[in-house]
Structures are given as C-alpha cells and as structure tokens.
Amino acid sequence: MERFVQVSVLSESKVWTQKGKLTVDQMPRLSDVLLAGNSILKYQINLEWEKEQVSCYGNLAGTLSISCDRCGQSLKFDVDEEFTFKMLPETNLESQNGKEILLEDEDLDIDFYRDDRIDWQGILEDQAILSLPIRNLCEEQGQPACEIPLNSHGIKNLNTENPFASLIKPGWQNN
Ligand SMILES: [Zn+2]
C-alpha cells in the first residue's frame, strides 16, 4: 500500500477513505516502545478536499503491547482514538509571511503537507503516538502495583522525558 496520497487527485465530491490494520512495522517511530507481537490497531482514515484545504478525520482502535516503565512487564494498552484536523499546503504558510492564518473553526487543528502529498500512514502513526500514556506503570493499566529492587538499573528509566512530547499539541488528544 502506497503510504502517500496525492492531494491533487482528491476530489470535492468523493471522500478518500482507507481502512485496515496498522502493524508494528508501519509504526517505525514506536519500535522502541512497542513489544514484539500483540500490537494491532484497526484504523479508518478519510481525506476530503474542500475549499483549498483537506479535512482529515478517522479513528484508531486496538491494543498496543508496551512495557511497564518501572518493572518492564508487558502490559496491554487499549487505544480508542478519534481524530479530526485540517491540512493546508505548506506553501500557504510561506506566502502568509509568518502572519497568522485565520481559521474558520478555531476548534480544529491544522497541519501541513508538502509536495502535493499526504503521508496518511504517518498521520496514523502520529495518532498512535499521541494515544500513548506519558508514563506507563502496571497499576495504571489495571495490574497490581509493581516494585523493583533498589539499585536496579531499571530505575534510571523512571521519569525520562516522553520522546514524543513535541508532537503533542493541544486539541489532538482525545477529550
Ligand atoms: Zn510494573
């Protein structure tokens, strides 16, 4: 499956839709976070061309297999995300010369695409990243609280910064 959609072939009368399952190898930025096997996300993504911009909306649901930040035990993390935002060509940004773009609907987020193409798999991967908890501990995923012995090397992983913090924009997260 081609991971890019050419924007100029989107039509105003027909919504571009893709449905399927996202596998771990389609989420390379999560390869350090996800444990082998058992991670599968069903998705639907829609792209709709309207008035010089692209509406992107869809959902992502399934289970990710991630490890506890404290003890390393494998935990299942349920994902059920809906997303909606608009996309504009990046050239719009340049022609505005840094001036703020006026949004019709200030509740919606805006993202940009370049070279007439949209990386829809990248969008889904972003959404999967955004669904992850900042910190993942046994007791926060319905397991008994775990403990690790003092001086375990695992402790240095505690409170490390979320490597995807820069991706998290207000409004992108569910509720
Ligand atoms: Zn744990």
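For clarity, every value in this text was computed on a predicted model and none was experimentally measured. Residue numbers restart at each chain and count upward from 1, following the sequence in its written direction. Selection of residues for local features in this predicted model requires a pLDDT of at least 70, selection of side-chain atom pairs for listing and counting requires 80 or more, and totals for whole chains, interfaces and linings are taken over all residues.

S.K.: For this particular structure, what's the right way to read the sheet that holds strand β3 (residues 40–50)?
M.R.: Within a beta sheet, neighbouring strands are joined by backbone hydrogen bonds and run either parallel or antiparallel to one another. At least two DSSP bridges between two strands are required for those strands to pair. Secondary structure is summarised from DSSP: a helix means a run of H or I of at least four residues, a strand means a run of E of at least two, and numbering begins at the N terminus for each. Across the sheet, which stays open at both edges, the 5 strands sit in the order β2-β3-β4-β5-β6 with mixed pairing between neighbours. Each edge of the open sheet carries a strand with a single partner, namely β2 (16–22) and β6 (109–113). This sheet shows a mean twist of 30 degrees between the axes of neighbouring strands, independent of strand direction. One ladder, built from 11 bridges, connects β3 with strand β4 (residues 53–67); its direction is antiparallel. Across the sheet, Lys 42 pairs through a bridge with Ala 61, a residue of β4. To obtain each axis, a line is fitted to C-alpha atoms, and for helices this fit is confined to the stretch in contact; angles are then taken between N-to-C directions over 0 to 180 degrees.

S.K.: Honestly, helix α2 (residues 120–131) in this entry has me stumped. Any pointers?
M.R.: An α-helical turn contains 3.6 residues, so any two residues separated by three or four positions project in the same direction. Expected helix span is computed as 1.5 Å times (number of residues minus one). Taking 1.5 Å as the rise per residue, α2 with 12 residues should run 16 Å; its terminal C-alpha atoms sit 17 Å apart, in good agreement. Buried, partly exposed and exposed are defined by the number of other C-beta atoms within 10 Å of a residue's own C-beta, namely 20 or more, between the two limits, and 12 or fewer respectively, with C-beta atoms placed from the backbone. The buried fraction of α2 is high, at 9 of 12 residues. If you follow the buried residues of α2, they end up packed against β1 (4–6), β2, β3, β4, β5 (74–89) and β7 (117–119). Contacts here follow a simple rule: the backbone-placed C-beta atoms of the two residues must lie within 7 Å.

S.K.: Can you help me understand the pairing of β4 in this one?
M.R.: For a regular strand, side-chain orientation follows a simple rule: the groups alternate between the two sheet faces. Between β3 and β4, which pair antiparallel and follow one another directly, the connecting turn spans 2 residues, one of which, Lys 51, has a positive phi of 45 degrees. Direction of pairing for β4 relative to β5: antiparallel, over a ladder of 14 bridges. Opposite Tyr 57, over in β5, you have Thr 84 as the bridge partner.

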